[in-house]
Amino acid sequence: MEIKEITLNELDTEKFISEKGQEISSLVGEGLSINALSGGVDSAVVTMLCHRALGDRLKTYFIDTGLMREKEPEHIVSLFKDMGVPVELIDAQKTFFDALKGQTDPEKKREAITRSFYKDVFGKLVRDTGARYLLQGTNFTDIEETVAGIKRQHNILEQLGIDPEQSYGYRVIEPLIQLRKSAIRKLGKSLGLPEELYNRPPFPGPALAARVIGEVTPERVKLVRNATTIVEEELSQSKAFQYLAILHEDRVTGIRDGKRDYGFQIEIRCWESTDAKIGSPTRLSYDILDRLAERITTEVPGVVSVTYNITKKPPSTIEAI
Ligand code: XMP
């Protein structure tokens, strides 16, 4: 099916909220639908849009995959609770780490995450609740990149030839599919989300697994999580589109306390972009880079090397896997 983009300029948010709301409401009918909130802009917007349209015909879950940033699950659940949207936290860490065990190939890792989300976790939630629809925040760029064969975005099903009804027993509704990130932010603002949510840097559905090169284990996620906290603290004032820390697979020789330390490498990326389709590295000051290297090598155990990516997208991509 051909999907037509609604550009930032074309988007009339009030009209979109009312028309999409009616469309979703009549599709879902009297049945129950579910959605997963990850804390990213897209899923936050879908949650609010659909909560307004469906009220208690929508049940929202936050799936704790074990791949999230520090304190993210509790923080996001409490932000939505304050806005009157109940969100249930589901601990699915074991499901995800079991599926990722031994996987080193990027596409296989994405596939394992897709399967864990859609088959294992949502499949069970659908069976337990009797829901018939899953609402999710797939956006226009996700579709383009998957169709172009660049990356298998974890949330793209139809374009990968997966029929969710046949494979998992529920239908998927994607209300944001015609919008890119900037238009989704504008919609989030109109929906009354706090700026912290609609203006936050994008965060991928596969979460920190998209930032671990090689096998994704609880220990390796913890390492990249600690580095991510530092990068976000230091770069939140940068106004960049997105900034992240990546854990490399190879270790390198370093020195600690006068002795050889064969340690980990963290790569920092910080992007200027408007829609994630193309991007260029932010020209961060050397003082900032220096502080990042200092903090990461002293506060994250085992890290002996910190690098900064200076490559544009393309040929780089924003995330590492
Ligand atoms: P890439 O790495 O493809 O990222 O240049 C483009 C934008 O999309 C985000 N991203 C994802 N988001 N599921 C998502 O929901 C995914 O599988 C995924 N992979 C990348 C990324 O953070 C960037 O903003």
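For the structure itself, look to the data block above.
Along each chain, residue indices are assigned from 1 in the same order as the chain's sequence is written. Owing to the predicted nature of the model, reporting of local features is limited to residues with pLDDT of at least 70; listing and counting of side-chain atom pairs is limited to 80 or more, with chain, interface and lining totals taken over all residues. The side-chain numbers reported here are obtained from all heavy atoms of the structure, hydrogens and water having been left aside.

Undergrad: Explanation requested: the pairing of strand S2 (residues 58-64) in the structure shown.
TA: Across a regular strand the side chains alternate sides, sitting on one face of the sheet and then on the other. Burial classes follow relative accessibility: with a 1.4 Å probe on protein chains only, a residue under 20% of its type's maximum area counts as buried, one over 50% as exposed, and anything between as partly exposed. Only DSSP runs of H or I with at least four residues qualify as helices, and only runs of E with at least two residues qualify as strands; both kinds are numbered from the N terminus onward. In terms of residue burial, S2 counts as a mostly covered element, since 6 of its 7 residues are buried. Strand direction decides the pairing type here: strand S1 (residues 33-36) and S2, joined by 4 bridges, are parallel. For Asn35, the partnering residue across the bridge sits in S2 and is Thr60. A right-handed crossover is one whose linking path, passing over the helix from the first strand to the second, runs clockwise when the strands point away from the viewer. For the segment spanning S1, helix H2 (residues 41-54) and S2, crossover handedness is right-handed. Sheet analysis places S2 next to strand S3 (residues 87-91), joined by 5 bridges and oriented parallel. Within the sheet, the bridge partner assigned to Thr60 lies in S3 and is Val87. Any two strands with at least two DSSP bridges between them are considered paired.

Undergrad: Where do I start with the sheet that holds S3 in this structure?
TA: Backbone hydrogen bonds hold the strands of a sheet together, and the pairing may be parallel or antiparallel. An order of S3-S2-S1-S4-S5 is seen for the 5 strands of this open sheet, with the pairing classed as parallel. Whereas interior strands pair on both sides, the edge strands pair on one side only; in this sheet they are S3 and strand S5 (171-173). The sheet shows a mean angle of 30 degrees between the axes of neighbouring strands, direction not considered. Between the N-to-C directions of two axes lies an angle of 0 to 180 degrees, each axis being a line fitted to C-alpha atoms and, for a helix, fitted only over the stretch in contact.

Undergrad: I keep staring at the pairing of strand S7 (residues 252-256) and nothing clicks. Help me out?
TA: In this sheet, strand S8 (residues 259-272) lies alongside S7 in antiparallel orientation, the contact comprising 5 bridges. Counterpart to Thr253 in the pairing with S8 is Tyr262. Hairpin geometry of S7 and S8 is characterised by an intervening segment of 2 residues between the two adjacent antiparallel strands and by a positive phi of about 50 degrees at Asp257.

Undergrad: Looking at this structure, I do not really get the environment of Ile156. What am I missing?
TA: Checked against the element boundaries, Ile156 lands in the loop between helix H6 (140-147) and helix H7 (164-168). Distance in space between the C-alpha atoms of Ile156 and Val172 is 10 Å, their sequence separation being 16 residues. We call two residues in contact when some of their heavy atoms are within 4.5 Å. Leave out the neighbours within four places in its chain, and Ile156 touches Thr138, Asp142, Ile143 and Thr146.

Undergrad: Please explain the nonpolar core as it appears in this structure.
TA: The tendency in soluble globular proteins is for nonpolar side chains to be buried as a group. By size, the foremost hydrophobic cluster in this structure holds 89 residues, and its most contacted members are Ile63, Leu67 and Phe122. With residues near it in sequence (within four places) discarded, Ile63 still touches Ala36, Leu37, Met68, Ile90, Ala92, Phe96, Phe117, Val121, Phe122 and Leu125. The nonpolar core is taken to be a set of buried Ala, Val, Leu, Ile, Met, Phe, Trp, Tyr and Cys residues, with the residues joined through side-chain atoms within 4.5 Å. Among the nonpolar cores identified, the runner-up in size contains 6 residues, and Phe241, Ile246, Trp271 and Ile318 belong to it.

Undergrad: Just to check I follow, could you spell out H6 for this structure?
TA: Because an α-helix completes one turn every 3.6 residues, residues spaced three or four positions apart along the sequence face the same direction. Counting buried residues along H6, 6 of its 8 residues qualify, which places the element largely inside the surrounding structure. Counted as a polar contact is a pair of N or O atoms within 3.5 Å, where, for protein atoms, one must be capable of donating a hydrogen and the other of accepting one, and residues adjacent in sequence contribute only when both atoms are in side chains. Put simply, Asn139 is the residue that caps the front of H6, since its side-chain oxygen is 3.0 Å from the backbone nitrogen of Thr141. Within two residues after H6, Gly149 carries a phi angle of roughly 75 degrees, on the positive side.

Undergrad: Sorry, what's going on with the site of the ligand here?
TA: The immediate surroundings of the ligand are formed by 15 residues, with Arg110, Lys151, Lys313, Ile318 and Glu319 found nearest. Gly205 is positioned such that a nitrogen or oxygen atom in its backbone is 3.2 Å from an oxygen atom of the ligand. At 2.8 Å from an oxygen atom of the ligand is found a main-chain nitrogen or oxygen belonging to Ile318. Protein chains bury 93% of the 490 Å² of accessible surface belonging to the ligand in isolation. Only Asp, Glu, Lys and Arg are considered charged in this grouping, and only Ala, Val, Leu, Ile, Met, Phe, Trp, Tyr, Cys and Pro are considered nonpolar; every other residue, Gly among them, is considered polar. Tallied by class, the residues present in the shell around the ligand amount to 5 nonpolar, 5 polar and 5 charged. One heavy atom suffices: a residue is near a molecule or strand as soon as one of its heavy atoms comes within 4 Å of it. Exposure was quantified through the Shrake-Rupley algorithm and a 1.4 Å probe, taking into account, for residues, occlusion by the shown protein chains and nothing else.

Undergrad: Would you mind showing me how to read unusual backbone geometry here?
TA: Excluding glycine, a negative phi dihedral is what most residues carry, and trans is how most peptide bonds are arranged. In this model, Lys313 is joined to Pro314 through a cis peptide bond whose omega is -15 degrees. Following the sequence through the fold, Pro314 ends up in the segment after strand S10 (303-308). Cis peptide bonds are those with omega within 30 degrees of zero, and the linkage from Pro314 to Pro315 qualifies with 5 degrees. Position of Pro315 relative to the elements: it lies in the segment after S10. For Lys71, which is not glycine, the phi dihedral falls at a positive 60 degrees. Relative to the helices and strands, Lys71 is located in the loop between S2 and helix H3 (72-82).

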